[in-house]
Amino acid sequence: MTVIREADVIQSVADALQYISYYHSPDFIQAMGRAYELEQGPAARDAIAQILTNSRLCALGHRPICQDTGIVVVFVRVGMEVRWEAEHDLESMINEGVRRAYLDPGNKLRASIVADPAFKRPNTRDNTPAVIHTEVVAGDRLEITVAAKGGGSENKSVFAMLNPSDSVADWVLEQVPEMGAGWCPPGMLGIGIGGTAEKALLLAKQSLMLPIDMAELLRRGPQTRLEELRVEIYSRVNDLGIGAQGLGGLTTVLDVKVLDYPTHAASLPVAVIPNCAATRHLHFTLDGSGPALLEPPSLDLWPKVEWTAAADARRVRLDGLTPAEVATWKPGERLLLSGKLLTGRDAAHKRICALLDAGEPLPAGLDFHGRVIYYVGPVDPVGQEVVGPAGPPPAHRMDRVTDTMLGKAGLRAKGGTAERGPQTVESIRRHHSAYLIAVGGAALLVSNAIRSSRVVAFPELGMEAVYEFEVHDMPVTVAVSADGESVHETGPAAWRGRFHGVPVTVET
Ligand code: SF4
């Protein structure tokens, strides 16, 4: 009989969430290091270098890998012989751990959870509640896996009820190009096959908690049908040429995980959930002897990759930026931005466009004419920081309002991450604008370029307020040029079919 104390559960969950906010797991670092070595696409290699450099900076500085510090997902296995020394139920204990982790003043994490999701969507302010899955199992231990899942990658989840004779691999291969780059590759695909609709999705999420071991699997060769399927999907997805951040390259996925479960003879439920460059999860076991002891990883784990700006990167002054200068930016060109940059994301754009469409003035001091906006919702600063980690969210969410922002608001250019829709690309071309991307999953590296920050409008929106940043040499890539060429189209097209993986195929 093991007695588990409430205080140990709370502290272990809080410690684990802080830990994964700034430490990538060793398997992820090694796999990303291999992807860097393999990569031949210059833009993708540059992006992976930023991800690895950011990862090490976060480990050193104990600051979040990404500005989106995730929705907390917890898998709990409760041994049937466990006894509790607790005043609250298990979900309350876990949520108290989440609360303490996200409000930790030494490394405050971004609270991203909203209640009342279909309507008012108020932020719960402490990132609770977690999504908790509990199993009661044999034994006298409490096993917990905590994950912090990014919204961008979660939003790309897909599910289908296939016909039993359909090919799972072919279906996955149809889905991945549709996901675009909004899930911040390179990352992983978690695939759940079988059960019922909700079981397939749960299996897909659970599979993402497994360690990355594709290199080992390729070395020893697949020994089961599921391993053959993993290798086939891994090779074929990477052969699509999507690459890091969708810029075109050899590695889109570091691994493909698959879990299955018996299903109805009439059904073949399949779910895919991607995990991004900010893959974060940790497993620990409580045996009644106290809270989990989490060893920090050795800094020797990180490959000797230190991102520096490309020698041919163009330095751009944002203040007084002219349409003529924007028109000279080439697709895929790397820029270093200096000067004043406005920020804003979903909520601010909604308000701005409502005012513009109603013919009403914008708040005093808010003028977008000739300016560049960066879609961002940064983490709160701590200590001497000007701003916390401030990476870009997937920009397609702003597609609906881009034409208004470029036309009525007079914006010169904008920055985010991942591809834009065809109508937005056309709007960018028509307005002689441009769309720039920073690397999703390199948030601390980006924030190092921000020298000052002040709120310009909508302070009540918190991290979604409009800020003005003074930046120095902020690294971005031209994703859509003024003539409407998109690197998210041309990059993958150039790299399609060039992945030299192991071409194992299997009939499904
Ligand atoms: S890396 Fe991209 S998808 Fe992942 S948490 Fe960050 S912004 Fe979201």
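Residues numbered from 1 in each chain as written. Predicted model: local features only at pLDDT ≥ 70, side-chain atom pairs only at ≥ 80, totals over all residues. Heavy atoms only, no water.

Enquirer: Looking at this structure, how should I read the side chain of Lys156?
Expert: Relative to the helices and strands, Lys156 is located in the loop between helix 5 (151-154) and strand 6 (158-162). In this structure Lys156 touches Met179, Gly182, Trp183, Val272, Pro274 and His396, once residues within four positions along its chain are discounted. (Helix = DSSP H or I, 4+ residues; strand = E, 2+ residues; numbered from the N terminus. Contact = heavy atoms within 4.5 Å.)

Enquirer: Is there a simple way to think about the sheet that holds strand 2 (residues 71-79) in this case?
Expert: Strand pairing in a sheet is mediated by backbone hydrogen bonds. Such pairs are either parallel or antiparallel. Read from one edge of the open sheet, 4 strands run 4-2-5-10, paired in mixed fashion. Of all strands in the sheet, those bounded by a partner on one side alone are strand 4 (131-137) and strand 10 (281-286). Each strand of the sheet is rotated relative to its neighbour by a mean of 15°, with strand direction disregarded. Pairing of strand 2 with strand 4, which is carried by 7 bridges, proceeds in the parallel orientation. Within the sheet, the bridge partner assigned to Val78 lies in strand 4 and is Val136. (Pairing = 2+ DSSP bridges. Axes fitted to C-alpha atoms, helices over the stretch in contact; angles between N-to-C directions.)

Enquirer: Just checking my understanding: could you explain the environment of Pro42 for this structure?
Expert: Mapped onto the secondary structure, Pro42 falls in helix 3 (residues 42-61). When residues no more than four places from it in sequence are discounted, the contact partners of Pro42 are Arg334 and Trp495.

Enquirer: What is the right way to read the site of the ligand from this model?
Expert: Taken together, 13 residues sit near the ligand, with Cys66, Gly150, Ser153, Cys184 and Cys276 positioned nearest. For the shell around the ligand, a count of residues per class yields 5 nonpolar, 6 polar and 2 charged. (Near = heavy atom within 4 Å. Nonpolar A, V, L, I, M, F, W, Y, C, P; charged D, E, K, R; others polar.)

Enquirer: Explain the packing of aromatic side chains to me, please; I cannot follow it from the model alone.
Expert: What characterises a pair of aromatic rings is the spacing of the ring centres plus the angle enclosed by the ring planes. By the definition in use, this model includes 4 aromatic pairs. Three or more aromatic residues joined by ring pairs form one cluster here, namely Tyr19, Tyr22 and Tyr23. Over the ring of Tyr36 we find Arg45; its NZ or CZ atom is 4.0 Å from the centre of that ring. (Phe/Tyr/Trp six-rings, centres within 6.5 Å; stacked < 30°, edge-to-face > 60°. Lys NZ or Arg CZ within 6 Å of the ring centre and 35° of its normal.)

Enquirer: Teacher, can you tell me more about the sheet that holds strand 9 (residues 268-275) here?
Expert: Strand order in this open sheet of 4 strands is 6-9-7-8, and the pairing throughout is mixed. Since the sheet does not close on itself, it has two edges, and those belong to strand 6 and strand 8 (253-261), each with one partner. The mean angle between the axes of side-by-side strands here comes to 15°, regardless of whether they run parallel or antiparallel. Seen against the sheet, helix 9 (residues 225-238) touches strand 7 (187-194) and strand 8 and runs at an angle of roughly 145° to strand 8.

Enquirer: Where do I start with the pairing of strand 14 (residues 413-416) in this structure?
Expert: Within a regular strand, side chains alternate between the sheet's two faces. Burial along strand 14 is two-sided: the face carrying Ala413 and Gly415 and the face carrying Lys414 and Gly416 are both buried. One ladder, built from 3 bridges, connects strand 13 (residues 372-374) with strand 14; its direction is parallel. Looking at strand 14, one finds that Ile373 is bridged to Lys414. Crossover connection from strand 13 via helix 12 (residues 399-407) to parallel strand 14: handedness right-handed. (Buried < 20%, exposed > 50% of the residue type's maximum accessible area, 1.4 Å probe, protein only. Right-handed = clockwise from strand over helix to strand, strands pointing away.)

Enquirer: Hey, could you run me through the side chain of Arg280 in this one?
Expert: Positionally, Arg280 belongs in the loop between strand 9 and strand 10. This buried residue, Arg280, is left without a salt bridge; Asp68 holds the nearest opposite charge, at 4.9 Å. Here the side chain of Arg280 touches Ala278 through a polar contact of 3.1 Å, landing on its backbone oxygen. Setting aside residues up to four positions removed in sequence, Arg280 forms contacts with Ile20, Cys66, Asp68, Thr69, Gly70, Val146, Ala147, Ala148, Lys149 and Gly150. (Lys, Arg positive; Asp, Glu negative; His and termini not counted. Salt bridge = Lys/Arg side-chain N within 4 Å of Asp/Glu carboxyl O. Polar contact = N/O pair within 3.5 Å; in protein donor to acceptor, adjacent residues only side chain to side chain.)

Enquirer: Got a minute to help me understand the pattern of salt bridges in this structure?
Expert: Here the idea is simple: oppositely charged side chains can pair when their charged atoms come close. For the structure on display, the rule yields 36 salt bridges. Salt-bridge contacts for Glu232 lead to Arg236; the nearest nitrogen and oxygen are separated by 2.7 Å. Highlighted residues: Glu232 and Arg236, both in helix 9, separated by 4 residues, approximately one helical turn. One connected set of salt bridges, linked through shared partners, spans Glu96, Arg99, Arg100 and Asp126.

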